[in-house]
Amino acid sequence: MTEKITRAGCYVRVSTENQLENYSVEEQAERLKAYCSAKGWEVYRIYTDGGFSGGNTERPALKQMIIDAHNRKIDMVIVYKLDRLSRSQKDTLTLIEDEFLNNGVEFASMSENFDTSSPLGRAMIGILSVFAQLEKDQITERFTMGRIGRSKAGRYHGGPTAPTGYGYADGKLTVDEYKAMQVREVFDRFLAGYGVNSIQRHMRGKYGGWASHTLVLNVLRNTVYIGKVKFMRKTYDGIHEPIIAENVFHRAQALLSSRDAQKTPPQKTPFRAGYLLTSLVYCGRCGAKYSGNHGYYKCYSRSKSDKKYILDPSCKNKNWEIAGFDGIITGEIAKLGHDPKYIDSFKKEEPDTKALNGRLKTIDAQISKLIGLYLTNGMPDISSRLDALNEEKNALLKTLSAPADEAGREFAAPSAGAVFRSAPIEEKRMFVSSVIKSVIVDGGQVIINWRI
C-alpha cells in the first residue's frame with residue numbers, strides 16, 4: 001500500500017519593520033523547503049505575504065492558504081517561526097484551531113521545533129503565542145513613545161512623504177517655495193470666497209496636480225502650515241518654518257468648522273456662486289428667506305418654489321428685481337467709511353516670481369533630461385510627460401508675462417469699488433457677507449444689519 005505524501009503549505013511573511021532582519025521571504029522559503037525535504041513532505045505551495053503586519057489577518061496569501069486548507073488541498077501548514085503566522089495571541093489560536101485543525105490540517109513551526117500532532121506541541125502554541133503578543137505590544141509601545149518624543153521635540157513624524165509645500169530630508173521639513181506659493185494661493189482663494197471644488201479646478205489648471213478636492217481640504221486643515229506638529233490629538237510647536245500666518249489659518253478654520261447658521265453665503269454654497277445676495281435676504285413679514293430666480297428676489301413663502309422653506313403660504317411681501325436690489329445694497333456699502341485695519345486683513349501677498357522662475361528652470365531641466373534619455377536609450381513614450389511639463393510651463397509663463405495690474409488684481413486689498421467693478425462673483429459675495437449680516441425686506445422698506 002502506497003504511503004500518503006503529506007502536502008505542505010509553507011507560509012512566509014515579512015513586515016516592513018523587519019526587512020533588515022534575517023527574516024527575508026527568500027531565506028524563510030529556502031529553509032522551509034529544506035525542512036520539508038528532510039521530513040519527506042511535498043511542498044504544495046509557498047504562501048508569501050511581503051510587507052504585511054502580523055498584527056491582523058488582512059493578508060492576501062494567508063487568506064488563500066485558509067481557502068486551500070478548507071478545500072483540503074494541503075495537509076500541513078509550516079512556518080519558520082510562530083510569529084510569522086501572527087503576533088496576536090487570539091489570531092494565532094483562532095487560525096490554528098478553527099481554520100487548520102478543524103479542517104484536518106496540522107501545523108508546525110520549524111525554529112521552535114514543535115507541531116500540533118502531540119499534546120505538548122499544542123500546549124507550546126499557547127505559550128509561544130503569548131510571547132509573540134507581548135513582543136508586538138512592546139514594539140508598538142516603543143514606536144509610540146518614539147513618535148511622542150519626536151513630536152515634543154518639534155519634529156515632523158509623518159514619514160518621507162512631506163505635506164504639500166514642504167520637502168523632507170534628514171528627518172526635517174524644508175520649505176519648497178514653489179509648492180508653498182500654491183498653498184498660500186489655496187488659502188487666499190478660500191478666504192476670498194471660492195468654494196473647494198472651484199479652488200481645486202483652478203489649481204489643477206494652473207499648476208497641474210491637485211487631483212481632488214480632498215487635497216484642498218487637507219491643506220486648509222493642516223496645522224503643519226503654521227509651524228505645528230500633531231500626534232495622538234496633541235499639538236506641539238514644530239522646528240520647521242511655517243508657510244501660513246496664524247491669523248490666516250484660524251480664519252480658514254472658523255469658516256470650515258462653523259455651523260451653517262454661522263457661515264457666510266460662500267461657505268453655505270461652496271460649489272456654486274449663486275446671486276450676489278444669496279442667503280442674506282429675509283422676509284420681514286413671515287421670516288422666510290428670499291431666493292433669486294427668474295430675474296427677481298422673491299420670498300420663499302410667496303414664490304412657493306420649495307415647500308420646506310415656506311413659513312406663511314399667505315405672505316404677499318414684495319418681489320424685487322435682482323439687478324435693482326443689488327444696486328441698492330452695493331450703493332449703501334459704497335457709502336461706508338471702512339476701517340483701514342479691517343480692509344488690511346484681506347490683503348494678500350503678490351505672486352512669488354522667484355519661486356515661479358525657479359520652477360521654470362526645474363521644468364526646463366526635466367524636459368532636457370527626458371529628451372536626452374529618449375535620444376540615448378530610445379524611451380518608447382515620453383510624449384505624455386512632455387505635454388504635462390509644457391502645459392505647466394506655458395501657464396507659468398502666462399502668469400509671469402501678465403500686466404502688473406492684471407497679475408496683481410486678485411492679491412490687492414479690496415475696496416468696494418474695485419470689488420464690484422471687476423471681481424468674480426465669489427469675491428463679491430464674500431466681500432458683501434463680510435460687511436453685512438442680513439438684509440430684511442418689508443414691502444418697499446429695506447433694512448441692512450451690518451457686521452461693522
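What counts, and where the lines are drawn
- Residues numbered from 1 in each chain as written.
- Predicted model: local features only at pLDDT ≥ 70, side-chain atom pairs only at ≥ 80, totals over all residues.
- Heavy atoms only, no water.
- Helix = DSSP H or I, 4+ residues; strand = E, 2+ residues; numbered from the N terminus.
- Buried < 20%, exposed > 50% of the residue type's maximum accessible area, 1.4 Å probe, protein only.
- Contact = heavy atoms within 4.5 Å.
- Areas by Shrake-Rupley, 256 points an atom, 1.4 Å probe, with all protein chains shown as cover.
- Expected span 1.5 Å × (residues − 1).
- Arc of directions from axis to C-beta.
- Polar contact = N/O pair within 3.5 Å; in protein donor to acceptor, adjacent residues only side chain to side chain.
- Pairing = 2+ DSSP bridges.
- Axes fitted to C-alpha atoms, helices over the stretch in contact; angles between N-to-C directions.
- Core = buried A, V, L, I, M, F, W, Y, C linked by side-chain atoms within 4.5 Å.
- Parallel < 35°, antiparallel > 145°, perpendicular 65-115°, else oblique.
- Nonpolar A, V, L, I, M, F, W, Y, C, P; charged D, E, K, R; others polar.
- Phe/Tyr/Trp six-rings, centres within 6.5 Å; stacked < 30°, edge-to-face > 60°.
- Salt bridge = Lys/Arg side-chain N within 4 Å of Asp/Glu carboxyl O.

Caption draft 1: Structural view of the overall build of the chain. A count of helices and strands for the chain gives 18 helices and 15 strands. When each of the 452 residues of the chain is scored for burial, the buried share is 41%. The contacts of the chain with a sequence gap of at least 6 include a subset with a gap of at least 24, amounting to 61%. Within the structure as shown, the chain displays about 24,300 Å² of accessible surface, and the carbon and sulfur contribution to it stands at 51%.

Caption draft 2: Geometry of helix α12 (residues 322-335). Here α12 is 14 residues long and its end C-alpha atoms lie 20 Å apart, about the 20 Å a rise of 1.5 Å per residue gives. Listed as buried for α12 are Ile322, Phe325, Asp326, Ile329, Thr330 and Ile333. Along α12, the residues classed as buried sweep out an arc of 125 degrees about the axis, all on the same side. Of the residues in α12, the exposed ones pointing more than 90 degrees away from the buried face are Ala323, Ala334 and Lys335. For α12, the side-chain oxygen to backbone nitrogen distance between the N-cap and alanine 323 is 3.2 Å, and the N-cap itself is glutamate 321.

Caption draft 3: Fine view of the sheet that holds strand β14 (residues 436-442). Strand order in this open sheet of 3 strands is β10-β14-β15, and the pairing throughout is mixed. Here the strands that pair on one side only, and so sit at the sheet edges, are β10 (281-283) and β15 (445-450). Strand-to-strand twist across the sheet, computed as the mean angle between neighbouring axes with direction ignored, equals 25 degrees. Here 3 bridges tie β10 to β14, and the two strands are oriented parallel to one another. Looking at the pairing, cysteine 283 lines up with valine 441 of β14.

Caption draft 4: Molecular detail of the nonpolar core. In terms of nonpolar packing, the biggest core is built from 44 residues, with Val186, Phe187, Phe190, Tyr225 and Ile244 touching the most fellow members. At the level of secondary structure, the elements contributing two or more residues to this core comprise α6 (177-191), α7 (196-207), α8 (213-221), α9 (246-257), α14 (353-377) and α15 (383-401). If you tally residues by element for this core, the top one is α6, at 8 residues. Discounting residues that sit within four places of it in the chain, valine 186 has contacts with Ile199, Met203, Trp210, Val216, Val219 and Leu220. Formed by 27 residues, the second largest nonpolar core is a distinct cluster that contains Cys283, Tyr290, Tyr300 and Ile329.

Caption draft 5: Local environment of α7. Here α7 spans 16 Å end to end across 12 residues, near enough to the 16 Å set by a 1.5 Å rise per residue. Of all the positions in α7, only Val196, Ser198, Ile199, Gln200, Met203, Lys206 and Tyr207 are classed as buried. Of the residues trailing α7, glycine 208 is marked for its positive phi of about 80 degrees.

Caption draft 6: Looking closely at the sheet that holds strand β4 (residues 106-109). With mixed pairing, the 5 strands of this open sheet are ordered in space as β2-β1-β3-β4-β5. The open sheet terminates on both sides in strands that have one partner only, identified here as β2 (42-50) and β5 (114-115). The strands that helix α2 (residues 60-70) touches are β1 (7-14), β2 and β3 (76-79); relative to β2, the one it contacts most, it runs at about 150 degrees.

Caption draft 7: Structural detail: unusual backbone geometry. For arginine 72, which is not a glycine, the phi torsion comes out positive at approximately 60 degrees. Tracing the sequence through the fold places arginine 72 in the loop between α2 and β3. For arginine 72, a relative accessible area of 49% gives the class partly exposed. Of note, serine 279 is a non-glycine position whose phi angle comes to about 75 degrees, a positive value. Counting through the fold element by element, serine 279 comes out in the loop between α10 (265-268) and β10. Its relative accessible area of 14% is what places serine 279 among the buried residues.

Caption draft 8: Seen up close, the packing of α7 against α8. Axis separation between α7 and α8 bottoms out at 8 Å; the angle between their running directions is 105 degrees. When the axes of α7 and α8 are compared, the pair comes out roughly perpendicular. Two secondary-structure elements touch here, α7 through Val196, Asn197, Ile199 and Gln200 and α8 through His213, Val216 and Leu217. A breakdown of the residues in the contact of α7 with α8 according to their chemical character gives 4 nonpolar, 3 polar and no charged.

Caption draft 9: How the structure looks around the packing of aromatic side chains. Taken as a whole and assessed by the stated rule, the structure comprises 9 aromatic pairs. With a centroid separation of 5.6 Å and an interplanar angle of 65 degrees, the aromatic rings of tyrosine 297 and phenylalanine 325 are classed as edge-to-face. Residue tyrosine 297 is located in strand β12 (residues 296-299), and its partner phenylalanine 325 is located in helix α12; the two are separated by 28 residues in the primary sequence. Tyrosine 297 sits in the buried class, given a relative accessible area of 2%. Residue classification places phenylalanine 325 among the buried residues on the basis of a relative accessible area of 1%. An aromatic cluster of at least three residues, connected via ring pairs, comprises Tyr275, Tyr297, Trp320 and Phe325.

Caption draft 10: View of the pattern of salt bridges. Enumeration according to the criterion identifies 7 salt bridges in this entry. Where arginine 84 meets aspartate 83, a salt bridge forms, and the shortest distance between an N and an O atom there is 3.0 Å. With relative accessibility at 0%, the residue arginine 84 sits in the buried group. The residue lysine 206 makes a salt bridge to glutamate 185 at a minimum N-O spacing of 3.2 Å. Within this pair, whereas lysine 206 is found in helix α7, its partner glutamate 185 is found in helix α6, the two being separated by 21 residues in sequence. Across the pair, glutamate 185 and lysine 206 agree in class, each one buried.

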